[in-house]
Amino acid sequence: SLDIRQAYLQATIDEDLYMRVPPGVNSGNNSLVCKLRRSLYGLKQAGREWGLLLTSFLVSWGFVRSTIDVCLYIYRSGNLILCGC
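Just so it is clear, the model here is predicted, and its values are computed rather than measured.

K.L.:
Mind showing me how you'd approach the nonpolar core here?
P.N.:
A general tendency of soluble globular proteins is for nonpolar side chains to be buried together. Core analysis: the biggest nonpolar cluster contains 5 residues, these being Ala7, Tyr8, Ala11, Ala46 and Trp50. Here Ala46 is in contact with Tyr8, Ser39 and Leu40, once residues within four sequence places are set aside.

So, in structure tokens, the structure goes:
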């Protein structure tokens, strides 16, 4: 099975996003923020960033993205055809 929440955490963020220091972290200063380097589950950008990561991985393995349905990837090698959504 695929853990989608965990998969979302693998994508890097290509823009500057900051969040407040999480509760329980003793920063001693309420004005401190954390800069995110990776996506968090629940971010608006999380699904998009993970989709880009997945697409680049599949294309690097030889899959071709369908022009009709962007969620469909096709791999052809001789008589073997693999399709994945």
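K.L.:
What am I meant to see in the pattern of salt bridges here?
P.N.:
When the charged atoms of two side chains with opposite charge come close together, those side chains can pair. Within the structure shown, the criterion is met by 2 salt bridges. Where Lys35 meets Asp16, a salt bridge forms, and the shortest distance between an N and an O atom there is 3.2 Å. Of the two residues, Lys35 sits in strand E2 (residues 33-35) while Asp16 sits in the loop between helix H1 (4-8) and strand E1 (18-20), which places them 19 residues apart along the sequence. The class for Lys35 is partly exposed, based on a relative accessible area of 48%. Judged by relative accessible area, which is 52%, Asp16 ranks as exposed. Across the pair Glu49 and Arg48 runs a salt bridge whose closest N-O atoms are separated by 3.3 Å. Judged by its relative accessible area of 6%, Glu49 is buried.

K.L.:
How should I be thinking about the sheet that holds strand E3 (residues 64-65) in this particular structure?
P.N.:
Taken in spatial order, the 3 strands line up as E3-E4-E5 in an open sheet, and their pairing is antiparallel. The open sheet has two edge strands, E3 and strand E5 (80-84), and neither has a second partner.

K.L.:
Got a minute to help me understand the pairing of E5 in this structure?
P.N.:
Where a strand is regular, its side chains alternate between the two sheet faces. Both strand E4 (residues 73-77) and E5 contribute to a ladder of 5 bridges, which runs antiparallel. Across the sheet, Arg76 pairs through a bridge with Ile81, a residue of E5. Connecting the antiparallel pair E4 and E5 is a turn made up of 2 residues, with Gly78 showing a positive phi of about 65°.

Definitions and cut-offs
Residues numbered from 1 in each chain as written. Predicted model: local features only at pLDDT ≥ 70, side-chain atom pairs only at ≥ 80, totals over all residues. Heavy atoms only, no water. Core = buried A, V, L, I, M, F, W, Y, C linked by side-chain atoms within 4.5 Å. Buried < 20%, exposed > 50% of the residue type's maximum accessible area, 1.4 Å probe, protein only. Contact = heavy atoms within 4.5 Å. Salt bridge = Lys/Arg side-chain N within 4 Å of Asp/Glu carboxyl O. Helix = DSSP H or I, 4+ residues; strand = E, 2+ residues; numbered from the N terminus. Pairing = 2+ DSSP bridges.

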